[in-house]
Amino acid sequence: MRALSQKEAEKLIVETPKIENLRTCSKLYSAKPHLAGDLQHAERICDLWRSYGIHTELSRYDVLQNFPRHSALSLHREDGSIAFNASLVEDEIAEDPTSSPQNGLPAFFGFGAHGTVHGELVYANFGTLSDFQLLESKGISVKGKIVICKYSKVFRGLKVRAAERFGAIGVIIYNDPQEDGKYTVKNGYKPYPHGPARHPKSIQRGSVDFFSVSVGDPTTPGYPSLPGEDTERREPKHAIPSIPALPISFSDAIQFLRALNGQGLSPDEIGGEGSDWQGALDNIDYWTGPSKAKVTLQNEGDYCYSPIYNVIGTIEGLTDETVILGNHHDSWSNGAIDPVSGSAAMNEVARGLGGLLKSWKPYRKIVLASWDNEEYGLVGSTEFGEHHAAWLTENCVAYINVDEATNGGNILGAYGSPLLAYVLRDAAKVIPSPINDGRTVYDDWLHLQRETADSLEEPNLTVMGTGSDYTVFFHHLGISSLDMLFNQKGTSVYPYHSNYDSYYWVEKFGDPGFKKHLAMARLFGLLTVKLAGIPVLPFRASDYADALKRHTRSLRNKDITGLILEPLETSVSKFEATVKAFDLSAHKEELDISHQPRSQAKRTNKIYMKLERSFLREKGGLPGRPWYKHLIFAPGLWAGYDGVAFPGITECLENGDVEGANGWIQEVAEVIDRASSLVQSAQLD
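What comes next concerns the included structure. Please read these numbers as outputs of a predicted model, since none were measured by experiment. (Residues numbered from 1 in each chain as written. Predicted model: local features only at pLDDT ≥ 70, side-chain atom pairs only at ≥ 80, totals over all residues. Heavy atoms only, no water.)

Running from N to C, helix α12 (residues 421-428) and helix α16 (residues 515-533) point in directions that differ by 125 degrees, and their axes come no closer than 10 Å. The angle between α12 and α16 places the two elements in the oblique class. Handedness of the α12/α16 crossing: right-handed. Taking contact as the criterion, the partners of V423, L424, D426, A427 and A428 in α12 are, on α16, L523, L526, L527, K530 and L531. Here the residues of the contact of α12 with α16 are counted per class, giving eight nonpolar, no polar and two charged. (Axes fitted to C-alpha atoms, helices over the stretch in contact; angles between N-to-C directions. Helix = DSSP H or I, 4+ residues; strand = E, 2+ residues; numbered from the N terminus. Parallel < 35°, antiparallel > 145°, perpendicular 65-115°, else oblique. Left-handed = near helix turned anticlockwise from the far one by under 90°. Contact = heavy atoms within 4.5 Å. Nonpolar A, V, L, I, M, F, W, Y, C, P; charged D, E, K, R; others polar.)

Every second residue of strand β8 (residues 245-248) is oriented toward a common face, with A245 and P247 on one face and L246 and I248 on the other, all of them buried. In the sheet, strand β6 (residues 170-174) pairs with β8 via four bridges, with the strands oriented parallel. The partner of I172 across the bridge, within β8, is L246. (Buried < 20%, exposed > 50% of the residue type's maximum accessible area, 1.4 Å probe, protein only. Pairing = 2+ DSSP bridges.)

This part takes up unusual backbone geometry. Residue Y192 is joined to P193 through a cis peptide bond whose omega torsion reads 10 degrees. The topology assignment puts P193 in the loop between β6 and β7 (206-207). Cis geometry marks the peptide bond from G289 to P290, where omega comes out at 15 degrees. When you line up the elements, P290 lands in the loop between α7 (267-271) and β9 (294-315). Within the chain, K489 stands out as a residue other than glycine whose phi angle is a positive 60 degrees. Positive phi is not limited to glycine here, since H497 has a value of about 55 degrees. Taking the relative accessible area as the measure of exposure, H497 reaches 2% and is therefore buried.

Helical geometry: 3.6 residues make up each α-helical turn, so side chains three or four residues apart lie on a common side. Burial analysis of helix α10 (residues 379-387) places eight of its nine residues in the buried class, which makes it a mostly covered element. Those residues of α10 lying buried are V379, G380, S381, T382, E383, F384, G385 and E386.

The two faces of the sheet receive side chains in turn, since in a regular strand these alternate between them. Counted residue by residue, strand β13 (residues 411-416) has six buried out of six residues, so it is predominantly covered. Two elements, β13 and strand β14 (residues 481-488), share six bridges in a ladder whose sense is antiparallel. From the neighbouring strand, L412 faces β14, where its bridge partner is F486.

Membership of the largest hydrophobic core comes to 151 residues, with the highest contact counts inside it found for L353 and M484. For this core, the leading source of residues is α16, giving eleven residues. Counting residues in each nonpolar core, the second largest holds 54 residues, with L135, Y286, V295 and W638 among its members. (Core = buried A, V, L, I, M, F, W, Y, C linked by side-chain atoms within 4.5 Å.)

What follows is the structure in structure tokens.
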């Protein structure tokens, strides 16, 4: 059989995904939840990939995990009798066949603390660090109190961390319609299942680990949780809460919030007129409290070391250079979006790659990873990364993550290393738009970004924070990484981590026709074949220089007295000149695999690989969170999901420490100079 050319392989991988296969996988995998450690589900994925001709094995780790036993939440009258018991259960919906509470998991938090607490209630807005600071400054103490706050703004675990820091004894978190934009009942939209608004009984489960501080098994920071008694276990309190917390629906939250009406400070008094302290529930005034009535919060469960199973498929290449693709297979709910939409896309990529192998040999090894226990704290991927750190550092050129194909959004969102911006743009120009005939995914992406920057010539990647399995690869090991999904400009409220994250919701609201699933499967596959098949990595270091310039300019525009930016600006300018010359040399002739001298490609690729690694802090990592080592990008310490540029500088400025920020400017400038020297040394060879 004639060997396929690179162009032919790219064409075939785009043509392979089928909507019917995506639908079938979505319905099958989302029939019930798959809590971390579901061996049967892992084996099902393993067997499927093997059927495509991909060598696939399970990889086990034994990790700390909590399992729910009983929870309760009660509001008491002033005489101590119970006025209201929260249901902590989502309604079964006749139209949605998988929505029965018996088919779901209880309302609980991964890595949540166990215990029973009793106290007055305080409303803390979104539960951000600044919200707690504002409460304290206004004389509202949460010490010894139970806090109720809204989702959104920051990762839920950091809400609990902030509450704990200010002395709270428990936390209640709910989704307020305020978070849902225009798709609310107040704006005339019907709630699920009859319309795109949030169902009032929807509950968002999730992890409450402190994942901007550390991820993975909190008892084995920096090393793998291997099975057996020889694995050293450490105290996990640096990374998980010590106070109990529960998620509830806004239907249940109403009773608790109503008990605060007229007590403490009003939204205008604490946040100012028109502040975000005013939510969107009817007949709720959003006063801070503390309440006269008391609340009892009970969360009981069991912590133990439990096995989890990563599914690892391997396609050998001509070299040891490696591209890794990742999605996860565990879920808090039926998970038709999270993670099944990504799993369906990845399975179609696996099928496509299996077909290509009959007449195509990739230049690089391809590893497909279906991670377990992402939901508790990116555990399966982190243990893998810590376990194989030396091999990954030596060989892994890129990690591509698709947690969800779409969350109901219509336009691509992409986050990651600027080194990968060029190849993503290149691939996105080939994939038809799932929403606009005659346009591409690239066209939609660029048009969206031009809404806020009309002179933009091409779309840029958003800064990578945390929240999915790219974290260990990018932030800990310095491997260029990309996370992508259709999550922009949605037309309904996504019932995140709820029992309503179902096949029915996807089919009716999230992705009718499965066109976004199809577009993601095509994009995922094409990126893989480009990254694995072209001898010289399709990276552009000049995109990194452009990103450094943008973020440095942003610091300059803050106009902070005493901030000395000249060392950083000088280093970035030198880096820009150096890498532009390197890119020009590396890509002056795009050659097919049969013509490219392997030794020349290997030298070039080593520089591109080492460039990202050179931005790691060699000793100590970031302050207060040594596991995170990337000096250019990191999750916001008190944000979590969202990334920040120059985290050392940013955190000092947030704390009003300009002198400390200047120290970090010097260190970051030196790291950028080190990267320039790395590239220059290659040009001298």
